[in-house]
Amino acid sequence: MSGETLPGARCDAEERIVLHVDMDCFYASCERLREPELEGKPVVVGMGYEPGEGHGAVATASYEAREHGVDSAQPITGALNALPRAEDTELDADGDPIAPDIPAVGHYRPVDMAFYKEVSAQVKEILHDCADVVREVSIDEAYLDVTERTAWQTVGGGDDERRTLAEGYARHVKQRIDRDVGVTASVGVGPNMSVAKVASDYDKPNGLVVVRPDEVRSFLDPLDIEEVHGVGPVTARELREMGIDTAGDLAAAEPRLLGERFGERGRELHRRARGDDDRAVTPTGLPKSLSRESAFTKPTSETEAMREKVRALAADVAERARSRGALYRTIGIKVVQPPFEVNTRAMSLPGPVDDPGLVESVALKLLTEFDGDRVRKVGVRVSNLDFAESDQASLDGWEQAAGASTAPESAGGGTERDDPSGADARTSETDWPTLGDWANRVAGDTDDGGSTDSSDPVAEATDGQASLTEFE
Ligand code: TTP
Ligand code: MG
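Chemist: Before we go on, may I ask you to explain the coordination of the magnesium ion (ligand 2) in this structure?
Modeler: Think of it this way: four donors in a tetrahedron around the metal ideally sit 109.5 degrees apart, and six in an octahedron ideally sit 90 or 180 degrees apart. Protein-derived coordination of the magnesium ion (ligand 2) comes from Asp22 (OD), Met23 (O) and Asp140 (OD), at a distance range of 2.1 to 2.2 Å. Around the magnesium ion (ligand 2), the six donor atoms sit at angles spanning 84 to 175 degrees, and that spread fits a shape best called octahedral. Classification of Asp22 by relative accessible area gives buried; the value is 7%. Note on Asp140: relative accessible area 10%, which makes it buried.

Below you can see the structure in the form of structure tokens.
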């Protein structure tokens, strides 16, 4: 942190300088742009919410609304209990509730993605102007490599002794966003992506936290294990069972033990807890679809066996979409009939959803067309993705698999030849690109997250890191 550097400590001039920019209560901030009177008031933006109604879920809440217990993913009904709607409450001339038992009222607005995307585009334009390399993670989040634009060098004397040029640069980025677009961002600065990410979360909203290379360990050590980028609730529980409660505990743990318990992922988390992260900030888009497929040991025409597999695949795909904050508008299946005939069917929905039950029911419905047919492989896919939220616990930088193509495909269906090499019983996780690409895919655990074409340098740069895709 900028305020906690040991006096006289020097930074390595060769270290990279990475910024992580995460907009504060982004959708609510956007709403305030067009309704400035909402400034300073509790604002709740609801997904699937309609004015006057009680359905939907909270997409985000302003920090004032969070103080009353409203938070992302909460049902609107729950939010309304905690924070009654302004329109439903008797207010005095200052807009405060008259009833003494109602501490505050909320201003509820439906999600307006088109508008938020416009605001996001303005922010991203500034980010691209401020850095040579920008890795966009979601609508409101990005990493910037600004090594060429500033330095870790300290400036000033006295109390300012510990300020770095990098801090001034990050402040400049923040101010530009605020001045030119009118929304606030929290910015974390560090020598790598994972430290910058933790730093931006550390002091929200409107935060600016600088972690110099020489203070990485002292910054990370006291943090709760869940603050380590990539540790979700499930891993945190397991780590706590091992007596590992803080990032410092994790950093001090025996990498071999972590490896035994969590595989390569455990060793990676250990590196993160130590602040080691040598990923380059690589520019990237977002995945266009998420899918999973699985082959039968031998072809079957048993309807129930097919349905069972499709159910499991649907749950898996829906879970992955949720963990990445992806909403989907198209749900599809793939059915491979012997010898190599690939059929795809898809159904588009009126709007983007996050609904595992719907993935299952649509996939099963599409499957009925193949009742009684001999089938050797099935797959489930969601596409037309909409990234409403941040990368949360997902390790976006590790999530790219080499060679995944994401050419758009319209809903409907098709028939193709399948790759015989994929005819084993393993489940592979691949993109559902143009139909022809199926033929070249190698079975095995890969991830279709993020790359936009098979020659994408991002995919190449992150090759070999796909094994880390299943962080919760
Ligand atoms: P976040 O950056 O996670 O949240 P935020 O910007 O609202 O708040 P914070 O200050 O903590 O960063 O997500 C960005 C936007 O994504 C958010 O404004 C609304 C949307 N979103 C959802 O629609 N559903 C969700 O569950 C979450 C977490 C976010
Ligand atoms: Mg945000």
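Chemist: When you look at the sheet that holds strand E4 (residues 107-110) in this model, what are you seeing that I'm missing?
Modeler: The strands making up a sheet associate through hydrogen bonds between their backbones, and the pairing can be parallel or antiparallel. One open sheet holds the three strands; their spatial order is E3-E2-E4, and the pairing between them is mixed. Two strands in the sheet have a free side with no partner beyond their single neighbour: strand E3 (57-61) and E4. Neighbour-to-neighbour, the strand axes of this sheet turn through a mean angle of 35 degrees, independent of strand direction. Two strands pair when backbone bridges link them, and strand E2 (residues 43-47) and E3 are joined in this way by four bridges, in the antiparallel orientation. Its bridge partner being in E3, Gly46 is matched across the sheet by Val58. Lying on the sheet, helix H1 (residues 26-34) is in contact with E2, E3 and E4; it crosses E2 at an angle near 115 degrees.

Chemist: Got a minute to help me understand helix H10 (residues 255-262) in this structure?
Modeler: Given 3.6 residues per turn, any residue in an α-helix points the same way as the ones three and four places further on. Leu258, Gly259 and Phe262 are the residues of H10 that are buried. Seen from one end, H10 has its buried residues packed into an arc of 100 degrees, which puts them on one side. For H10, the exposed residues set more than 90 degrees away from the buried face come down to Arg256 and Glu260. Buried residues in H10 make contact with helix H8 (233-241), helix H9 (247-252) and helix H11 (264-273). Directly beyond the C-terminal end of H10, a positive phi value near 70 degrees is found at Gly263.

Chemist: What am I meant to see in the pairing of strand E9 (residues 185-190) here?
Modeler: Each regular strand shows side chains that alternate between the opposite faces of the sheet. With six of its six residues buried, E9 lies for the most part within the structure. Across the two faces of E9 the burial is the same, with Ala185, Val187 and Val189 and Ser186, Gly188 and Gly190 all buried. Here three bridges tie E9 to strand E10 (residues 208-210), and the two strands are oriented parallel to one another. Bridging from a neighbouring strand, Val187 pairs with Leu208 of E10. Viewed along the sheet, the connection from E9 through helix H6 (residues 193-202) into E10 turns out left-handed.

Chemist: Help me understand the packing of H8 against H10, please; the structure alone is not making it clear to me.
Modeler: Two numbers describe a pair of packed helices, the interaxial angle and the distance between the axes. At a minimum axis distance of 12 Å, the contact between H8 and H10 shows a crossing angle of 130 degrees. Relative to H10, the element H8 is oriented oblique. You can see that H8 and H10 cross each other, and the crossing is right-handed. Facing Thr235, Glu238, Leu239 and Glu241 of H8, the residues of H10 in contact are Leu258, Arg261 and Phe262. Of the residues belonging to the contact of H8 with H10, the class tally is three nonpolar, one polar and three charged.

Chemist: Would you take a moment to explain the pairing of E2 for this structure?
Modeler: Of all the five residues making up E2, four are buried; the element is thus mostly covered by neighbouring parts of the structure. Pairing analysis gives four bridges linking E2 to E4, with the strands arranged parallel. Its bridge partner lying in E4, Val43 is registered against His107.

Chemist: Explanation requested: the state of the cysteines in the structure shown.
Modeler: A covalent bond bridging the sulfur atoms of two cysteines is what the word disulfide describes. Counted by the stated rule, this structure contains zero disulfides. Cysteine Cys30 remains unbridged, with the sulfur of Cys25 as its closest cysteine sulfur at 9.3 Å. Owing to a relative accessible area of 0%, Cys30 belongs among the buried residues under this scheme.

About the cut-offs
- Residues numbered from 1 in each chain as written.
- Chains lettered and ligands numbered in written order.
- Predicted model: local features only at pLDDT ≥ 70, side-chain atom pairs only at ≥ 80, totals over all residues.
- Heavy atoms only, no water.
- Donors = N, O, S within 2.8 Å, 3.2 Å for Na, K, Ca; no water.
- Tetrahedral: all angles 85-135°; square planar, octahedral: opposite > 155°, others 65-115°.
- Buried < 20%, exposed > 50% of the residue type's maximum accessible area, 1.4 Å probe, protein only.
- Pairing = 2+ DSSP bridges.
- Helix = DSSP H or I, 4+ residues; strand = E, 2+ residues; numbered from the N terminus.
- Axes fitted to C-alpha atoms, helices over the stretch in contact; angles between N-to-C directions.
- Contact = heavy atoms within 4.5 Å.
- Arc of directions from axis to C-beta.
- Right-handed = clockwise from strand over helix to strand, strands pointing away.
- Parallel < 35°, antiparallel > 145°, perpendicular 65-115°, else oblique.
- Left-handed = near helix turned anticlockwise from the far one by under 90°.
- Nonpolar A, V, L, I, M, F, W, Y, C, P; charged D, E, K, R; others polar.
- Disulfide = S-S within 2.5 Å.

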